[in-house]
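Below, each chain spelled out in residue letters.
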Amino acid sequence: MTKAVFPVDFLWGAATAAYQVEGAWAEDGKGESIWDRFAHTPGNILNGDSGDVASDHFHRWQEDISLMKSIGLKGYRLSLSWPRILPNGRGAVNQKGLDFYSRLIDSLLEAGITPMVTLFHWDLPQALQDEGGFAARSTGEAFVEYADVATRFLGDRVKHWITHNEPSVFAYVGHSIGHHAPGLKDPYCALRVAHHLLLSHGWSVPVIRANSPAAKVGIAVNVNYNQPASPSSYDYKVWQHRFGMWSRWFLDPLYGRQYPPDLVEFAIKTHQLPAAGLDFVHAGDFEAIETPTDFLGVNYYTRQLSRDHSVPAEQNLPPTVFQAPKNDHDWQEMEDWEAYPDGLFNVLTWLNFEYQPASMYVTENGASWSDGPDESGRLKDTRRISFLQRHFEAAHRAIQLGVPLKGYLVWSLMDNLEWGHGFSQRFGLIWVDFKNGQRILKDSALWYKDVIAGNAIPILPSDT
Ligand code: IFM
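The following paragraphs examine the structure supplied in this document. (Residues numbered from 1 in each chain as written. Predicted model: local features only at pLDDT ≥ 70, side-chain atom pairs only at ≥ 80, totals over all residues. Heavy atoms only, no water.)

Re the packing of helix α8 (residues 167-177) against helix α9 (residues 187-211)
So, step 1. Across the interface, α8 lies against α9 with an axial gap of 8 Å and an inter-helix angle of 155 degrees. Accordingly, the angle class assigned to the pair α8 and α9 is roughly antiparallel. You can see that α8 and α9 cross each other, and the crossing is right-handed. Note on element contacts: α9 touches α8 through Pro187, Cys189, Ala190, Leu191, Val193, Ala194 and Leu197, opposite Pro167, Phe170, Ala171, Tyr172, His175 and Ser176.
So, step 2. Class assignment for the residues of the contact of α8 with α9 results in eleven nonpolar, two polar and no charged. (Axes fitted to C-alpha atoms, helices over the stretch in contact; angles between N-to-C directions. Helix = DSSP H or I, 4+ residues; strand = E, 2+ residues; numbered from the N terminus. Parallel < 35°, antiparallel > 145°, perpendicular 65-115°, else oblique. Left-handed = near helix turned anticlockwise from the far one by under 90°. Contact = heavy atoms within 4.5 Å. Nonpolar A, V, L, I, M, F, W, Y, C, P; charged D, E, K, R; others polar.)

The following block contains the structure:
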């Protein structure tokens, strides 16, 4: 069988985030996070689920590392819970919190697994939200203090740091759309939050480098593949703004271009910005934001089509781009999430040509299907295997074209709390019984084990 071989030292791994897997929401001195508050407020999370126990990783981390080892993972991307380390967001340090992560990292290293650590995956200390959250510049300063504490303690062992995860999702879904914590619906606030996230990223890079001199530092953005549904100027404009606000708004300043003028104009008109524009930008901010990094993390899940629904269909051109029919292989259980591997290829090559990051990782990619175990206890998640096979193949094609992709972290290591969707969506390579914490390796995990061992994927007849 023909194989697509990946570069030597390719970091095959899996990812999680603290709030989604740890549980132990109020244990060992941990402070309250905005997700604790949000989840404990009725109506915010499907079925009243919460991360109070989640996948119980806080208590089962040793078993989880054994499972990672049995899959042969080379890397594990985890996030630190800021309020577990600094319960009030700044000031007093909770040593027990640091010790938990220290033990976890030591054990990963002993197991031969490279830890890739995200500092902020959305669980902001509630104490900082009470002072305005990331809409306030002072929270950006508190982030630098937290980054300093975490990297001073763990920076001798962690060699891959990610400052923020998906700043666009945290900013927009949490502060404009209101579906995520802290549940605000204020587009202007969302742009302030976005700016302070970027700023705190830039401010923290030199601090992380000083504390962890041998480490690589980056940020993880989510870039889905977005296309105009037709070549009409209506659909093109919607695409330009939608794709722009979700990706260029973040990437342009990170790579030295400041905010794109066309989007600033759009934001002033539609996002309730003061006519004076971006009044939250201070002198020197862009210089900080564009501090060079070692890698760009890319979270990719799906394709989205942009259609201008504000014009009557007869005035617009008919759609020319069509998504797959709604069969269950090409659509995830997440509503409207198409499985579209070519989108990953397009996104990786676009990012490489457009921004030329020093290197890249797919820091998240995966699919939600909730297949459970059969009577024999086996979990045949064939759709996930096909999804991963096709996405790995797309990544391989991008590498062949010169994209400096250094690794691939599948989302997720294990089933977990999928934010507002609660436990209804399962992305894991490992199945988790949320009633008793029991774990089962899915068939996809066993298939992934072979991929990692051979550092290659089979080329299927349909790929040739
Ligand atoms: O579960 C999330 C993760 O926390 C951030 N990226 C997308 C995943 C799936 O929705």
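Structural notes on the pattern of salt bridges
A side chain with one charge may pair with a side chain of the opposite charge, provided their charged atoms come close.
So, step 1. Taken as a whole and judged by the stated rule, the model has 30 salt bridges.
So, step 2. The salt bridge partner of Asp235 is Arg307, with a shortest N-O separation of 2.6 Å. Of this pair, Asp235 sits in helix α10 (residues 233-254) while Arg307 is found in the loop between β9 (303-306) and α13 (341-355), placing the two residues 72 residues apart along the sequence.
So, step 3. Here Asp235 falls in the buried class, since its relative accessible area comes to 0%.
So, step 4. For Asp443, the salt bridge identified is with Arg378, shortest N-O distance 2.8 Å. One end of the pair, Asp443, is in helix α15 (residues 443-454); the other, Arg378, is in the loop between β10 (360-365) and α14 (382-400), with 65 residues separating them in the sequence. (Salt bridge = Lys/Arg side-chain N within 4 Å of Asp/Glu carboxyl O. Buried < 20%, exposed > 50% of the residue type's maximum accessible area, 1.4 Å probe, protein only.)

Some points on the environment of Val311
So, step 1. In this structure, Val311 sits in the loop between β9 and α13.
So, step 2. The sequence separation of Val311 and Ala14 amounts to 297 residues, and the corresponding C-alpha distance is 43 Å.
So, step 3. With residues up to four places along the chain from it excluded, the contact list for Val311 reads Tyr234 and Asn316.

Overview of the packing of aromatic side chains
So, step 1. What the rule picks out here adds up to 41 aromatic pairs.
So, step 2. Summarising the aromatic geometry, the rings of Phe143 and Tyr146 are spaced 6.0 Å apart at their centres and angled 70 degrees between planes, so their arrangement reads as edge-to-face. Remark: Tyr146 and Phe143 occur in helix α7 (residues 137-154); sequence separation between them is three residues, near one turn of the helix.
So, step 3. For the pair Tyr259 and Phe286, a centre-to-centre distance of 5.3 Å together with 75 degrees between the ring planes defines the contact as edge-to-face. (Phe/Tyr/Trp six-rings, centres within 6.5 Å; stacked < 30°, edge-to-face > 60°.)

Overview of the packing of α14 against α15
Angle between the axes and distance between the axes: these two values describe a pair of packed helices.
So, step 1. Running from N to C, α14 and α15 point in directions that differ by 30 degrees, and their axes come no closer than 9 Å. By the angle between their axes, α14 is roughly parallel relative to α15. Along the contact surface, α14 presents Arg384, Ile385, Leu388, Gln389 and Phe392, while α15 presents Asp443, Ser444, Trp447, Tyr448 and Val451.
So, step 2. Here the residues of the contact of α14 with α15 sort into six nonpolar, two polar and two charged.

A short note on the site of the ligand
So, step 1. Close contacts around the ligand come from Gln20, His121, Trp122, Asn165, Glu166, Tyr301, Trp337, Glu364, Trp411, Glu418, Trp419 and Phe427, and that covers them all.
So, step 2. Side-chain polar atom of Glu166 to a nitrogen atom of the ligand: 2.7 Å apart, as the coordinates give it.
So, step 3. Contacts to the ligand include Trp419, whose side-chain N or O atom sits 2.8 Å from an oxygen atom.
So, step 4. Classifying every residue of the shell around the ligand gives six nonpolar, three polar and three charged. (Near = heavy atom within 4 Å. Polar contact = N/O pair within 3.5 Å; in protein donor to acceptor, adjacent residues only side chain to side chain.)

Details of the sheet that holds strand β3 (residues 75-79)
So, step 1. Judged by pairing direction, the barrel is parallel, and its eight strands sit side by side in the order β2-β3-β4-β5-β6-β8-β10-β11 before closing back on the first. Strand-to-strand twist of the sheet, defined as the mean angle between neighbouring strand axes without regard to direction, takes the value 25 degrees.
So, step 2. The sheet contact formed by strand β5 (residues 160-165) and strand β6 (residues 216-222) spans four bridges and is parallel. By the bridge assignment for β6, His160 is matched with Lys216. (Pairing = 2+ DSSP bridges.)

Some words on α7
So, step 1. Given a rise of 1.5 Å per residue, 18 residues ought to cover 26 Å, and the 26 Å separating the end C-alpha atoms of α7 matches this to within 8%.
So, step 2. Among the residues making up α7, those that are buried are Thr139, Gly140, Ala142, Phe143, Val144, Tyr146, Ala147, Val149, Ala150, Thr151 and Leu154.
So, step 3. The secondary structure elements touched by the buried residues of α7 are α4 (82-85), α5 (95-110), β4 (114-120), α6 (126-129), β5 and α9. (Expected span 1.5 Å × (residues − 1).)

Here's the deal with the side chain of Arg157
So, step 1. Along the polypeptide, Arg157 turns up in the loop between α7 and β5.
So, step 2. Arg157 sits in the buried class, given a relative accessible area of 18%.
So, step 3. Beyond its immediate stretch of four places on either side in the chain, Arg157 contacts Ser102, Ile105, Asp106 and Leu109.

Re the environment of Ala24
So, step 1. The topology assignment puts Ala24 in the loop between α1 (18-21) and α2 (34-39).
So, step 2. The spacing of Ala24 and His59 is 35 residues in sequence and 8.0 Å in space, taken between C-alpha atoms.
So, step 3. Ala24 has contacts with Lys30, Asp52, Phe58, His59 and Arg84, leaving out every residue within four places of it along the chain.

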